[in-house]
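Architecture and fold: a report
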Number of protein chains: 4
Amino acid sequence: MVFILKPDVAKEKIDTFIMGWEQKGFSTILSVGTEHTAVCLIGNTAEIDVDHVVETSDIVSYGKRITEQYKAVNRTVHEDSTVIRVGDARIGEGFFTVISGPCSVESEEQICKIARSVKNSGAKILRGGAFKPRTSPYAFQGKQAEGLAMLRLAKKETGLPIVSEIMNQTQLDLFEDVDILQIGARNMQNFDLLKAVGGLKKPVLLKRGLANTIEELLMSAEYIVAAGNEQVILCERGIRSFETMTRNTLDLSAVVLLKQKSHLPVIADPSHASGIRSLVPPLAKAILAVGADGIMVETHNNPAKALCDGAQSLDLEQFHTLMEDLRKRAAMEDKQL
Amino acid sequence: MVFILKPDVAKEKIDTFIMGWEQKGFSTILSVGTEHTAVCLIGNTAEIDVDHVVETSDIVSYGKRITEQYKAVNRTVHEDSTVIRVGDARIGEGFFTVISGPCSVESEEQICKIARSVKNSGAKILRGGAFKPRTSPYAFQGKQAEGLAMLRLAKKETGLPIVSEIMNQTQLDLFEDVDILQIGARNMQNFDLLKAVGGLKKPVLLKRGLANTIEELLMSAEYIVAAGNEQVILCERGIRSFETMTRNTLDLSAVVLLKQKSHLPVIADPSHASGIRSLVPPLAKAILAVGADGIMVETHNNPAKALCDGAQSLDLEQFHTLMEDLRKRAAMEDKQL
Amino acid sequence: MVFILKPDVAKEKIDTFIMGWEQKGFSTILSVGTEHTAVCLIGNTAEIDVDHVVETSDIVSYGKRITEQYKAVNRTVHEDSTVIRVGDARIGEGFFTVISGPCSVESEEQICKIARSVKNSGAKILRGGAFKPRTSPYAFQGKQAEGLAMLRLAKKETGLPIVSEIMNQTQLDLFEDVDILQIGARNMQNFDLLKAVGGLKKPVLLKRGLANTIEELLMSAEYIVAAGNEQVILCERGIRSFETMTRNTLDLSAVVLLKQKSHLPVIADPSHASGIRSLVPPLAKAILAVGADGIMVETHNNPAKALCDGAQSLDLEQFHTLMEDLRKRAAMEDKQL
Amino acid sequence: MVFILKPDVAKEKIDTFIMGWEQKGFSTILSVGTEHTAVCLIGNTAEIDVDHVVETSDIVSYGKRITEQYKAVNRTVHEDSTVIRVGDARIGEGFFTVISGPCSVESEEQICKIARSVKNSGAKILRGGAFKPRTSPYAFQGKQAEGLAMLRLAKKETGLPIVSEIMNQTQLDLFEDVDILQIGARNMQNFDLLKAVGGLKKPVLLKRGLANTIEELLMSAEYIVAAGNEQVILCERGIRSFETMTRNTLDLSAVVLLKQKSHLPVIADPSHASGIRSLVPPLAKAILAVGADGIMVETHNNPAKALCDGAQSLDLEQFHTLMEDLRKRAAMEDKQL
């Protein structure tokens, strides 16, 4: 159940209102938007008479039941779209933010070269894997802490904020200088990790799991927001289907539905979704056209020699060409690239 | 194995070349493009020495093995994209052709009203179901022959070519005046029907089955082309996945791959793919952006009262608005709407 | 809505009762079981007062609403399990009927040899494909009419009833001597074919489609039964999932649910489900243990040389061994093999 | 590449052999079976001449390449089936071990009552969730540490070894008294957790992920074994498909393939696979018939009041009846229940 408050209610009155509910055993979520402030109740609200609350409270404008299980990420509770600010970048309504970089950080030279190039092409955030989840224990597992150090260097050199995948909550200290924590597809329902990043005050990029529904993705985001961290970016990256010609099946309907049902920004990853370089540019254009707030694209200075996922990485020139194209298209969508 | 012939070879020489292979037990496909003419061999070509053929024949420019099972629809055999002409409409490279109309033809008045309106908005082909494949025997099965008559009337009145779904080969006579025969998703591997429409000289719109791979779709198209009918339009319309929030999962990577691997035109159907009206416009834009040659969109003069699939149909005004948007976007893609 | 009639009601009274409903615009299904007779109404029954009908009719014992869309195949309407009789074979409760034979009939010698052998091992019905649905137009399409003649010969020689796949309704005459018509997975929603076999008085073996739900399978069976043919055998044969190590994913929960929800016999096909010979015996045992009424197993006198699906066929000795094992297990289940 | 050693080779010779390879940059896995001892090389073995090694070494009986990516869990490397011993229970060839208990530990009284009852019915291991991975942050998350204490009490009272799900590696200390660590489906590719439990000397029950292939499951097991812990039990628990009538789709072919490809014990979980109580007994019988080494079944003293997964739990009497049935069947399979 959500109560939309009247404009300009004093903070003390809101606190009193909230405390009243918590004393009755409900959890509450306070959502402060530019348009309105909302208080959402979690718990068994079946016996609450909404109209009675509205009539008897002097701070409530109106109330309604929320049938979805996700509350804090629900657009009904928080009507205006969340825009996340990280360094000079913005992610959310009005922007089409491009995150780019290699699957895996390999060396200082590699990451700095790629960082300079993608920045020059218009990327606003640098990605780079340091801890790599790999199906095989014998496959390259990433440069780990050393990789994070290289990534920090590239950030220092270019000013680009950085995003990297965290694999478990014991790594939180290591990731202190990482601007956006990525939760990978395989960890989308690693609930303890979700709770842990929910305790931070930095953006989290949450990727959809390979076999997870749109609703489950929203529920995982709810874990983070309910724990206190509202800065969640949702990322569609392809789901597993029977089709074998592509690595995964990009689900663009999910992007539209996530934007309709939640106020959180939504991006997509055409590289992991397809696994095929030549599919990345057309899919990137489709992702922009469908209304996403950005993309995450793998690039490499020498894809043929990449330690990981070379077949799906654009080289720096291909990325530059793609960005030129996306720039025109973003303008047509009234979005800032 | 495909042999690309030298330019301007006399027809008799080609016939002799082909006959030579057929006498050795191979089937052949002759593919005449604007750039080159190709002869493709079907059968066990393992023991053919390609270089020897090229050296000893005076009409062969070069030859190569085709590893894919599809030959006649393979872009390797037929490099230039096929453009299908039906009435004033063109489907293929350089065009973004919009097919629109109701899920089901309901009455003369309904279909004519919709036809006039979608034509006015820019649709080039009218769709309308007369024979409806329905999961339940108790559901509305379409107006059948009467429905086809209504569709013809709408065609006469507006000049729009018409497309309608044929459910089995005994209906071929009934569909004589229908410009494009649609093979529905459930019939994509109804091989006898494929062979039957392969014997015609009119375009076939072949929809991807709910659980069929990209390769299987190409093989089904191969049935039609190998039987003699080169006018096949491929249609991605969503596949079945575990996601339940949408009716199906639109697979836009398939559109790109089909265009890469085959010379046939490829369209997509955002209405059946999503099953949700509000998803149709964003998906339509994504379909255009990803490089498809057109869309098939369900429209209805009164979706709330539609006998079939109302929830996914645009009303005529929504369709008009979508078309205005697509017109600008098609221009940016250098495509004619 | 279904009305269970009192015992021993005169036929005229039932006819009058049925006619009354049909005059009000309902379709009806009369279901005569050993335990009770039921009349099922199809149509908008929302406004019917069940209690009022029961009170005012002198032939109705009780009535209830059926929420499922399938009525004629619903166990609620027809409580006792249907047992189908074909030649000396029985398919249904109390039996575990083994159908066996080659994927494809190849020659008189082949089919007769296999028929004699599988009969000797305990198979009760002979399968053999004459018209083969193949993904590729260049693959062997079956011996067709000639194959059916060979199958008839094997039937004559062994006395085994035969089952073979019919691919479209124009073939009905050709299949006159075939005891059980098989509708293949790709045709499960070929509704015109379902209606056509619904007009016959012979058993139909209906295979589940690769991407079809349990409910859709029941609805396809409903097409046949509603058209007048009650002799439908349902067959689980594996569905398509993301797993690539097996040809399909056998869904044994479906067998249990189909038996719970419908009165029709349910068998399963471990050969197509797995596509791997060594998986067939363990899966066959599991199919028996889970409560199915039979299996359909591919056998071949020389699997390595089979024209079709050799990799999943048992040789005749392997089949014999399997049958010895199944015989003991069937006894434990109190089922006749 | 695997080298099978001659019988009765001295330990020092083996050590020397292994060290030789490690100095050349290979990792090695030493696998000591009852039949033979094997040394498996991990790394780029392309240039090793197997025959040359066999000829020149005096301790190698024969060698062969392993094409699969999993080595330590591969049956080629370790021919005889692994049997895991925990308390009085055995899991592996020759046994059909039943693990039972509630989805969630709720109270001392509840878990002890269930433990006594399932032990009396023949269960050999007690399951009970203390930390519960739940889709919603607002759902019951388990009794946590307190739940583990209750579980220990039930163990003490009945002597049954206990299994419970560990959600992340920071919990290892908490789980010290838990006999078998369960890695849940959502954590199957939580590689850091796999590495952590790989460092222990206690059995790990590894559940297949909802969208993970058989090969991926084997690779995750490889993580644990390669890290030094050979006691891994694989568990098929249903995969996600398009079917919605069941919670998941039980994949029994996977059980057979896992047993063929790996030496590890394989069990299955009919409760989570189906999500429906009435399906659990027939699926349990099928799991036994297909060749699994055991089942994990949810039971509850009062399913209607269970805090979690009541709809799929058997009550204690239903479980008892199932066990009586399984006992007869296990005898027929020459397995000890």
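It should be noted that the structure appears before, not after, this text.
Read on for a plain summary of the structure. Everything quoted here is computed from the prediction, not taken from an experiment.

1. A word on the overall build of chain A
Along the backbone of chain A there are 10 helices and 14 strands. Against the compact-globule benchmark of 20 Å for 337 residues, chain A has a radius of gyration of 21 Å, which places it among compact chains. When the backbone C-alpha atoms are referred to their principal axes, chain A occupies close to 70 × 45 × 40 Å. Scored against the burial criterion, the 337 residues of chain A give a buried share of 64%. When contacts within chain A are restricted to residue pairs at least 6 apart in sequence, long-range pairs at least 24 apart make up 67% of them. For chain A, the exposed surface amounts to about 12,200 Å²; the carbon and sulfur share of it is 46%.

2. Examining the packing of aromatic side chains
Tallied over the full model, the rule gives 24 aromatic pairs over all chains. Judged by centre distance (4.7 Å) and plane angle (25°), the ring pair of F191 of chain C and Y223 of chain C falls under stacked. Linking F191 of chain C in helix α5 (residues 191-198) with Y223 of chain C in helix α6 (residues 214-226), this pair joins segments that are 32 residues apart in sequence. An identical accessibility class is assigned to F191 of chain C and Y223 of chain C; each is buried. Three or more aromatic residues link up through ring pairs in this structure, and these residues are F3, F17, W21 and F26 of chain A. Between K24 of chain B and the ring centre of W21 of chain B, over which it is positioned, the NZ or CZ distance is 4.7 Å.

3. A few points about the relation of the copies chain D and chain B
The two copies are related by a screw operation: chain D maps onto chain B through 180° of rotation and 0.1 Å of translation along the axis, at an RMSD of 0.1 Å. Each copy turns onto its partner about a two-fold axis. In terms of C-alpha distance to the rotation axis, chain D has F242 of chain D as its closest residue, with the C-alpha 2.2 Å off the axis. The fraction of interface residues of chain D whose copies in chain B are also interface residues reaches 100%, indicating that both copies meet through the same surface.

4. A word on the interface of chain D and chain B
On the chain B side, the residues contacting the four residues of chain D number four residues. When the two sides are added together, the surface that chain D and chain B hide from each other amounts to roughly 280 Å², 81% of it contributed by carbon and sulfur. Looking at the side of chain D facing chain B, the largest losses of area belong to R240, F242 and T244 of chain D, adding up to 88% of the total buried there. There are zero residue pairs in polar contact (both at pLDDT 80 or more) connecting chain D and chain B. Of the residues that constitute the side of chain D that touches chain B, the class distribution is one nonpolar, two polar and one charged.

5. So, the pairing of strand β10 (residues 180-183) of chain D
All names here are of chain D. Because side chains alternate across β10, one face comprises the buried residues I180 and Q182, and the other comprises L181 and I183, equally buried. Pairing of strand β9 (residues 162-165) with β10, which is carried by three bridges, proceeds in the parallel orientation. Within β10, the position partnered with V163 by the bridge is I180. Inspection of the sheet shows β10 paired to strand β11 (residues 204-207) by three bridges, in the parallel sense. The residue bridging I183 from the neighbouring strand is L206, located in β11. Taking the sense of rotation as the criterion, the β-α-β connection linking β10, helix α5 (residues 191-198) and β11 turns out right-handed.

6. Regarding the interface of chain C and chain D
Listed as interface residues are 36 residues of chain C and, on the opposing side, 36 residues of chain D. Here chain C packs against chain D, burying approximately 2,900 Å² in sum over the two surfaces, 71% of which is carbon and sulfur. Looking only at chain C, the three residues that lose the most surface to chain D are F242, M245 and M332 of chain C, adding up to 21% of its buried area. At the boundary of chain C and chain D, one finds four salt bridges. Note that E333 of chain D is salt-bridged to R329 of chain C, the shortest N-O span being 2.7 Å. For the pair chain C and chain D, the interface holds eight residue pairs in polar contact (both at pLDDT 80 or more). Among the elements of the structure, α6, α7 (252-261), α9 (280-290) and α10 (316-332) of chain C are those that each provide at least two residues to the side of chain C that touches chain D. For the side of chain C that touches chain D, the residue count by class is 18 nonpolar, nine polar and nine charged.

7. Brief notes about the pattern of salt bridges
Evaluation of the coordinates by the stated rule reveals 72 salt bridges over all chains. Of the charged contacts in the structure, one is a salt bridge between R152 of chain A and D177 of chain A, with a shortest N-O distance of 3.7 Å. Residue R152 of chain A is located in helix α4 (residues 144-158), and its partner D177 of chain A is located in the loop between β9 (162-165) and β10 (180-183); the two are separated by 25 residues in the primary sequence. Overall, D177 of chain A belongs to the partly exposed group, its relative accessible area being 41%. K207 of chain A is the salt-bridge partner of D269 of chain A, the closest N and O atoms lying 2.7 Å from each other. Taken together, the residues D269 of chain A in the loop between β13 (266-268) and α8 (270-274) and K207 of chain A in strand β11 (residues 204-207) connect sequence positions 62 residues apart. Exposure class is identical for D269 of chain A and K207 of chain A. Each is buried. One salt-bridge network, in which partners are shared between bridges, spans R208, E236 and D251 of chain A together with E243 of chain B.

Rules used throughout
- Residues numbered from 1 in each chain as written.
- Chains lettered and ligands numbered in written order.
- Predicted model: local features only at pLDDT ≥ 70, side-chain atom pairs only at ≥ 80, totals over all residues.
- Heavy atoms only, no water.
- Helix = DSSP H or I, 4+ residues; strand = E, 2+ residues; numbered from the N terminus.
- Rg over C-alpha atoms; globule rule 2.2 N^0.38 Å.
- Buried < 20%, exposed > 50% of the residue type's maximum accessible area, 1.4 Å probe, protein only.
- Contact = heavy atoms within 4.5 Å.
- Areas by Shrake-Rupley, 256 points an atom, 1.4 Å probe, with all protein chains shown as cover.
- Phe/Tyr/Trp six-rings, centres within 6.5 Å; stacked < 30°, edge-to-face > 60°.
- Lys NZ or Arg CZ within 6 Å of the ring centre and 35° of its normal.
- Least-squares fit on C-alpha atoms with pLDDT ≥ 70 in both.
- Buried area = accessible area lost by both parts, 1.4 Å probe.
- Polar contact = N/O pair within 3.5 Å; in protein donor to acceptor, adjacent residues only side chain to side chain.
- Nonpolar A, V, L, I, M, F, W, Y, C, P; charged D, E, K, R; others polar.
- Pairing = 2+ DSSP bridges.
- Right-handed = clockwise from strand over helix to strand, strands pointing away.
- Salt bridge = Lys/Arg side-chain N within 4 Å of Asp/Glu carboxyl O.

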